[in-house]
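These are the residues of each chain, in order.
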Amino acid sequence: MKISIVGAGPSGLYLSILIKHRCPHWDIKIVEQNAADSTFGFGVVLAEAGLSRLRAADAPTHDALVEKMIFTTHQIITTRETPISIRRPNAGGGAIARIDLLQILQKEATDAGVQIEFGVRVQDMADLDAAGLSDADVIVGADGINSSLRTACESQFGTTRESLTNHFAWFGVGKAFPTAALVFREHRGGAFIAHYYPYSESNSTFVAECDDATWQTFGMAAMTAEQRQQLFEEVFAPELDGHALISNNSTWRQFPVIRNARWAAGKVVLIGDAETSAHFSIGSGTRIAMDDAIALADALVNDGDDAAVTAVERLARFAASRGPEKLKLIAASEKSYRWYESIGEWMKRYTPYEFIYAFMTRTGRIDEGRLAAAYPELMQQIKLAQAQRAHAASADVEAGSTGQIA
Ligand SMILES: Cc1cc2nc3c(=O)[nH]c(=O)nc-3n(C[C@H](O)[C@H](O)[C@H](O)COP(=O)(O)OP(=O)(O)OC[C@H]3O[C@@H](n4cnc5c(N)ncnc54)[C@H](O)[C@@H]3O)c2cc1C
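Rules and cut-offs
- Residues numbered from 1 in each chain as written.
- Predicted model: local features only at pLDDT ≥ 70, side-chain atom pairs only at ≥ 80, totals over all residues.
- Helix = DSSP H or I, 4+ residues; strand = E, 2+ residues; numbered from the N terminus.
- Rg over C-alpha atoms; globule rule 2.2 N^0.38 Å.
- Buried ≥ 20, exposed ≤ 12 C-beta atoms within 10 Å, placed from the backbone.
- Contact = placed C-beta atoms within 7 Å.
- Pairing = 2+ DSSP bridges.
- Axes fitted to C-alpha atoms, helices over the stretch in contact; angles between N-to-C directions.
- Near = placed C-beta within 6 Å.
- Nonpolar A, V, L, I, M, F, W, Y, C, P; charged D, E, K, R; others polar.
- Parallel < 35°, antiparallel > 145°, perpendicular 65-115°, else oblique.
- Left-handed = near helix turned anticlockwise from the far one by under 90°.
- pLDDT = per-residue confidence, 0-100.
- Core = buried A, V, L, I, M, F, W, Y, C linked by C-beta atoms within 7 Å.
- Domains from an automatic or database assignment.

Here we look at the overall build of the protein
Along the backbone of the protein there are 16 helices and 18 strands. The C-alpha atoms of the protein give 23 Å as radius of gyration, which agrees with the globular expectation for 406 residues (22 Å, within 12%). When each of the 406 residues of the protein is scored for burial, the buried share is 41%. In the protein, 76% of the contacts between residues at least 6 apart in sequence involve partners at least 24 apart.

Describing the sheet that holds strand β18 (residues 268–270)
Pairing is mixed across the open sheet formed by six strands, whose spatial order is β8-β2-β1-β9-β18-β17. A single partner strand is all that each edge strand has here, and the edge strands are β8 (115–118) and β17 (264–265). Note: β17 against β18, two bridges, orientation antiparallel. Bridge pairing links Ala265 to Val268 in β18. Where helix α1 (residues 10–22) meets the sheet, it contacts β1 (2–6), β2 (27–32) and β9 (138–141), and its direction lies at approximately 170° from that of β2.

Details of the sheet that holds strand β15 (residues 245–246)
Spatially, β6-β5-β12-β13-β14-β11-β15 is the arrangement adopted by the seven strands of the open sheet, whose pairing is mixed. Only two strands of the sheet have a single neighbouring strand rather than two, namely β6 (82–87) and β15.

Examining the environment of Ala64
Following the sequence through the fold, Ala64 ends up in helix α3 (residues 59–67). You can call Ala64 partly exposed: it has 17 C-beta atoms within 10 Å.

What to know about the site of the ligand
Near the ligand lie 36 residues; those nearest to it are Gly7, Gly9, Gly144, Gly272 and Gly285. Every element with two or more residues in the shell around the ligand is listed here: α1, β2, β3 (43–46) and α11 (285–301). Counting residues per element, the shell around the ligand draws most heavily on α11, at four residues. Its residues assigned to classes, the shell around the ligand shows 16 nonpolar, 15 polar and five charged.

Observations regarding the packing of α1 against helix α4 (residues 98–112)
Following both chains from N to C, one finds α1 and α4 inclined at 30°, their axes separated by 9 Å at the closest point. On the basis of their axis angle, the class for α1 and α4 is roughly parallel. Note on packing geometry: the crossing formed by α1 with α4 is left-handed. Contacts from Pro10, Leu13, Tyr14, Ser16, Ile17, Lys20 and His21 of α1 reach α4 at Leu101, Leu102, Leu105, Gln106, Glu108, Ala109 and Ala112.

Topic: the environment of Ala320
As for its position among the elements, Ala320 is in helix α12 (residues 311–341). Among the residues examined, Ala320 registers 12 C-beta atoms within 10 Å and is labelled exposed.

Thoughts on the confidence of the model for the protein
Averaged over the protein, the pLDDT score is 93; the fraction of residues at 70 or greater is 98%. Residue range residues 402–406 is modelled with pLDDT below 50. Its contacts to residues more than four positions away, or to other chains, number three contacts.

Side note on the nonpolar core
Counting residues in each nonpolar core, the largest one holds 98 residues, and the members touching the most others are Leu15, Val140, Val269, Ile271, Ala293 and Leu296. Considering every element that reaches this core, the biggest residue donor is α11, with nine residues. Looking at this core, you find at least three residues from each of domain 1 (2–71 + 92–163 + 255–340) and domain 2 (167–246). Excluding residues that lie within four positions of it along the chain, Val269 makes contacts with Val138, Val140, Gly141, Trp263, Ala264, Leu296, Leu315 and Phe318. With ten residues, the next largest nonpolar core counts Ile86, Tyr353, Met360 and Met379 among its residues.

As structure tokens, this is what we get:
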């Protein structure tokens, strides 16, 4: 079987490795627009559940990744200038520089015999032809959130898109924060958010975000990229402690929500962000993309060289087997970004522990029972805060009914 992959991101590279390890005689070629040593972003987190799936799918790749990862035991969430430290209930996830992740996968892929051609951008079907990729049995669009392959076959995939209203940019910081953290800060009436975590001994990811009201009030549309960066450096000066934000094509964007009614159009199939964009607030886009690769590799290789099972049938199996599980995560992602879209309101409405409760339960994947089991001390504090709020509310009602409030 011949397989062409557009995009040497985590999903495309991982797919090629998994297939080559099981079917070394299959012909697999990847084209990537960037050079081998360049990428966007900084570090990414891979959650524990994702890591165990990677271990089960391909232990040597998993071990090479884990060797480069930084693990943290706590996450600190700050709202109303009150930091609350949350100990992770299990081993938690690890963070890794995106470039390290890619270079490990590149090495595994080339060692296995995958051909990777860098500096080749495939814009449409004619480019696929020119790159010698169009005669493959399966063509995989692993080309990320702005997928050209998806755009070229949009009506067959049934693509829909929506743009969220919050604004964000992905920066780095030349310091390793001691732990992962989220800071929700009200500053001169604006709602500012920093998501940061260390991904190496000396560097951290820092995602800067604000709601649209803040963007408008501060006139951020008219600012230069440097001015926006300076504004965030000022707002998060206590955390940055003199360190500047580092840009790596860190453009300000509103998150595009991409969905596809169908994952395959003939022999062309989408995986990872090209198929569905998972919001960064659940920190799982890479893991979802790599899980797609695992499911697609299974669907393609399970019938080996049996010519009676066509590529199109294998792709249909992929969508059927992977779809339900992926939809659950995408539903969680959707609840999470909808919650963030109203962040200004939550920051005003909730006391710190109430905020933590609302934050931790925002996706619906964790309810009060699970929260109490995983974080008993935190839940005690949340209960106390809720009781205090209820007590204050009933005292207000009482005072109102006895006419004490003029
Ligand atoms: C701010 C931010 C923070 C994030 N943090 C995390 C996190 O902590 N944990 C996590 O799991 N995920 C995180 N993500 C999500 C994660 O980056 C993506 O979900 C993941 O990279 C998707 O992998 P992919 O292989 O599908 O696509 P990509 O990683 O986007 O890879 C696509 C590849 O295709 C190439 N390409 C694109 N177009 C073409 C073309 N036309 N021709 C040739 N090549 C092309 C690109 O150069 C790229 O190398 C974050 C995302 C953002 C925006």
